[in-house]
Amino acid sequence: MAEKPQPVQVLYCGFCGLPAEYCEFGSDFEKCKPWLIQNAREIYPDLLQDANVNEVDTVSNQLQSSSISGENSASGSSAPKQEPIKKLPGGKIKKKEKQEVIIEKVTRNKRKSITTLKGLDLFGVKLSDASKKIGKKFATGASVVKGPTEKEQIDVQGDIAYDIVEFITHTWPDVPETAIFFIEDGKKVPAV
């Protein structure tokens, strides 16, 4: 008879709970490293070498910073401190959105057009209330929809692009006229 196959023994990370081979793909790999160095040296031999190099680097940096800090204390620090950069999982850097309203006119069915307002919510304007006010003011249909970038925007039936700038600045004084832009022929043009 043939031998029964034995179950595979899998080593799970004590920190994140993933198999040790997959820790590097998890979001907390830096926190898993000490556990992996102690318990899974055969899977990540580079970590042991990196740990030794990092220890040498930290000691040399401490020695350099102590001599540099002694020199800087007499002359004063001239370098401004930078704000820490916010990072998303996966190492992506989160960019701060510009506060601007973008108005775009899209033509459909030859004569019909839709005016799209993007970025009004960045000024603290509630989009559902804004669409109701715009619909009443211009006697047209206005609705809040998700755009191609999964952000909410207001779609208004009709070509009201140039009339809406004055309405926005009067209705919501927090929105300056310099922050309103049109998209014409694929280019961003200031409304002023």
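Quick summary incoming for the structure in this document.

1. Observations concerning the sheet that holds strand β1 (residues 101-108)
Piece 1. Read from one edge of the open sheet, 6 strands run β3-β4-β2-β1-β5-β6, paired in mixed fashion. Here the strands that pair on one side only, and so sit at the sheet edges, are β3 (142-146) and β6 (187-190). On average, each strand axis in the sheet is tilted by 30 degrees relative to the strand beside it, whichever way the strands run.
Piece 2. Of the pairings in the sheet, the one linking β3 to strand β4 (residues 152-157) comprises 5 bridges and is antiparallel in character. Counted as the bridge partner of Ser 143 is Asp 155 from β4.
Piece 3. The sheet strands contacting helix α3 (residues 127-138) are β2 (112-118), β3 and β4, and the helix crosses β4 at an angle near 10 degrees.
Piece 4. Helix α4 (residues 161-171) rests against β1, β2 and β5 (180-184) of the sheet, and its axis sits at about 170 degrees to β5.

2. Some words on the nonpolar core
Piece 1. Counting 24 residues, the largest nonpolar core has Val 101, Ile 103, Leu 120, Ile 134 and Ile 168 as the members making the most contacts within it.
Piece 2. Mapped by element, the contributors of at least two residues to this core are β1, α3, β4, α4 and β5.
Piece 3. A per-element tally of this core places α4 first, with 5 residues.
Piece 4. For Val 101, the contacting residues outside a window of four places in its chain are Leu 117, Lys 118, Gly 119, Leu 120, Phe 123, Ile 168, Val 175, Ala 179, Ile 180 and Phe 181.
Piece 5. Within the second largest apolar cluster, 9 residues are counted, among which are Ala 20, Phe 29, Ala 40 and Tyr 44.

3. Focus on a nonpolar patch on the surface
Piece 1. Taken together, the side chains of Val 8, Val 10 and Tyr 12 define a hydrophobic patch exposed on the protein surface, amounting to about 320 Å² of accessible area.
Piece 2. The residue Tyr 12 is located in the segment before α1 (29-39) in this model.
Piece 3. Residue Tyr 12 is classed as partly exposed on the basis of its relative accessible area of 49%.

Parameters and conventions
Residues numbered from 1 in each chain as written. Predicted model: local features only at pLDDT ≥ 70, side-chain atom pairs only at ≥ 80, totals over all residues. Heavy atoms only, no water. Pairing = 2+ DSSP bridges. Helix = DSSP H or I, 4+ residues; strand = E, 2+ residues; numbered from the N terminus. Axes fitted to C-alpha atoms, helices over the stretch in contact; angles between N-to-C directions. Contact = heavy atoms within 4.5 Å. Core = buried A, V, L, I, M, F, W, Y, C linked by side-chain atoms within 4.5 Å. Buried < 20%, exposed > 50% of the residue type's maximum accessible area, 1.4 Å probe, protein only. Patch = residues over 30% accessible without salt bridge, like charges linked within 9 Å, V, L, I, M, F, W, Y side chains within 5 Å. Areas by Shrake-Rupley, 256 points an atom, 1.4 Å probe, with all protein chains shown as cover. Salt bridge = Lys/Arg side-chain N within 4 Å of Asp/Glu carboxyl O.

These figures come from the coordinates and say nothing about function on their own.
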